[in-house]
Amino acid sequence: MSEMRQRKPTGDGSEEADLEAKNAERLALLTGLGEKAPESIRPFALKCAPGAVKIWELVEKLIPLIMLAYAKCLELYEKIKPYHPDDLVPCFIGLAMCFFGGEFPMLIATVVAVKVTGSGKAIKGSVMAIWSEAEKVINEEVKDEKEHAGDEGEKPKPQEVLTRKAMVALKVIDPQMLGNSMTALTTALLAVIASLKLTFARSLSLGSAIGDILSKPALRYGTPIMKTYLDDDYHKWIEPSIAYACRAVAMSVAFWVQQMISAVHSAIQGGQLFTASLCRYLRKYGISTFDPDTSNLDELAGYAVAVLGLGWQLFYSTPTLLALVLLPLTICEYAIRFTLVWFN
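Given the structure is predicted, the values throughout are model-derived calculations rather than measurements.

Novice: Any chance you could break down the overall build of the protein for me, citing the residues and the numbers?
Specialist: Scanning the protein from N- to C-terminus turns up twelve helices and zero strands. Here the C-alpha atoms of the protein give a radius of gyration of 27 Å, more than 25% beyond the 20 Å that 2.2 N^0.38 yields for 344 residues. Summarising its shape, the C-alpha atoms of the protein cover approximately 80 × 70 × 65 Å along the three principal directions. Looking at the protein residue by residue over its 344 residues, the buried ones come to 26%. Partitioning the contacts of the protein with sequence separation of at least 6, the portion at a separation of at least 24 is 80%. Element-wise, carbon and sulfur atoms account for 66% of the exposed surface of the protein, whose accessible area totals about 24200 Å².

Novice: I'd like to hear about the state of the cysteines, residue by residue, with values.
Specialist: Tallied over the entire structure, the rule returns zero disulfides. Unpaired in terms of disulfides, cysteine 73 finds its nearest cysteine sulfur in cysteine 332, a separation of 15 Å.

Novice: Give me the packing of helix α9 (residues 238–284) against helix α10 (residues 297–315): which residues, what numbers.
Specialist: Between two packed helices, what matters for the description is the angle formed by their axes and the separation of those axes. α10 packs onto α9 with a crossing angle of 140° between their chain directions and a minimal axis gap of 7 Å. Compared by their axis directions, α9 and α10 come out oblique. Helix-helix and strand crossings are classified by hand; for α9 and α10 the assignment is right-handed. Two secondary-structure elements touch here, α9 through Met260, Ala263, Val264, Ser266, Ala267, Ile268, Gly271, Gln272, Phe274, Thr275, Ala276 and Cys279 and α10 through Asp298, Glu299, Ala301, Gly302, Tyr303, Val305, Ala306, Leu310, Gln313 and Leu314. Of the residues contributing to the contact of α9 with α10, the split by class is 14 nonpolar, six polar and two charged.

Novice: Give a detailed account of the pattern of salt bridges, specifying residues and quantitative values.
Specialist: By the definition in use, this model includes six salt bridges. Here arginine 26 ties to glutamate 60 by a salt bridge, and the two come within 2.7 Å at their closest N and O atoms. Taken together, the residues arginine 26 in helix α1 (residues 12–35) and glutamate 60 in helix α2 (residues 42–80) connect sequence positions 34 residues apart. Among the ionic pairs, lysine 61 bridges to glutamate 57, the shortest N-O distance being 3.2 Å. A residue pair is termed a helical-turn pair when its members lie 3 or 4 positions apart in one helix, as lysine 61 and glutamate 57 do in helix α2 at four residues. Overall, the relative accessible area of 48% leaves lysine 61 in the partly exposed class. Note on glutamate 57: relative accessible area 11%, which makes it buried.

Novice: Which residues make up the environment of alanine 218, and what values go with them?
Specialist: In this fold, alanine 218 is placed in helix α8 (residues 201–229). Along the sequence, alanine 218 and alanine 245 sit 27 residues apart, while their C-alpha atoms lie 9.6 Å from each other. Not counting residues within four places of it along the chain, the set of residues in contact with alanine 218 comprises Thr223, Ile242 and Cys246.

Novice: Break down the packing of helix α3 (residues 85–100) against α10 for me, with residues and values.
Specialist: Between α3 and α10, the least distance of the axes is 7 Å, while the angle of their chain directions is 45°. What the angle tells us is that α3 and α10 run oblique. Counted together, Met97, Cys98, Phe99 and Phe100 of α3 and Val305, Ala306, Leu308, Gly309, Leu310, Trp312 and Gln313 of α10 form the full contact between these two elements.

Cut-offs and rules
Residues numbered from 1 in each chain as written. Predicted model: local features only at pLDDT ≥ 70, side-chain atom pairs only at ≥ 80, totals over all residues. Heavy atoms only, no water. Helix = DSSP H or I, 4+ residues; strand = E, 2+ residues; numbered from the N terminus. Rg over C-alpha atoms; globule rule 2.2 N^0.38 Å. Buried < 20%, exposed > 50% of the residue type's maximum accessible area, 1.4 Å probe, protein only. Contact = heavy atoms within 4.5 Å. Areas by Shrake-Rupley, 256 points an atom, 1.4 Å probe, with all protein chains shown as cover. Disulfide = S-S within 2.5 Å. Axes fitted to C-alpha atoms, helices over the stretch in contact; angles between N-to-C directions. Parallel < 35°, antiparallel > 145°, perpendicular 65-115°, else oblique. Left-handed = near helix turned anticlockwise from the far one by under 90°. Nonpolar A, V, L, I, M, F, W, Y, C, P; charged D, E, K, R; others polar. Salt bridge = Lys/Arg side-chain N within 4 Å of Asp/Glu carboxyl O.

Take a look at the structure:
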């Protein structure tokens, strides 16, 4: 008769308890900060604290996955390096523009604006400098955690921990370098935003005009309804919220119109870029003797690819798996749209 073996505990319970304790500390920290906020935004800050804890937890889980994905990409790059993938980058960019360019008109326009305004080097240098300072802070924070890990006695309050971490960060950060980097980055981004506003001035004007038209009836009928659901202290937020919501809806309609125009433009441009880059790659490495500079066949092939790409954009939806791969680009696209609406 076989003996029943007891299963060893997996430790999941202790991990969940540690996570709950850590989240409780984070909530106490954010609640303390919310209580010190100005009185006008204090209730809002306190209500957002639990959600901010969830976002904090999610970011903490995503960082290792992002670092792992980055390491895997580097390994893959080393494996395909003999095939000169750098020369194939324009081909992949052309295909992406051809089949998905209509979904990312703002992102494509931002890349063009960075090149036109010459802000690329400034943005890259500023981001690298800020990242370098952040790495120094992270390393010092890790050392500080190890030094205080074995401390006995009463557990410090979340505000005291935050103050200690802030002092550690102030010791290692170079304020002049950080200030110069932030100034250069802000200046470059403002130049890009100004260029984008000029590029999409018609769409922004259309969206703003539609938003003004929608806001009048929305305020007339929506304000009394909102007042019945909100306390008197929050009535001052009703009109700005309704007006901004109307503008956001109107801008979405305007951007949708612009998206259809961008789909046609990106399909043609992407098809031409794909075929021309592929022909030059094949000729450069002796795979083909076709010269795209002396023939129109590559342009005709580019138009054929453009038709396929435009048909895909208009009549088919992006598969779920591919949508997950393109999720970072989608987030960037909507972040740029929100920024343009905010600055308009």
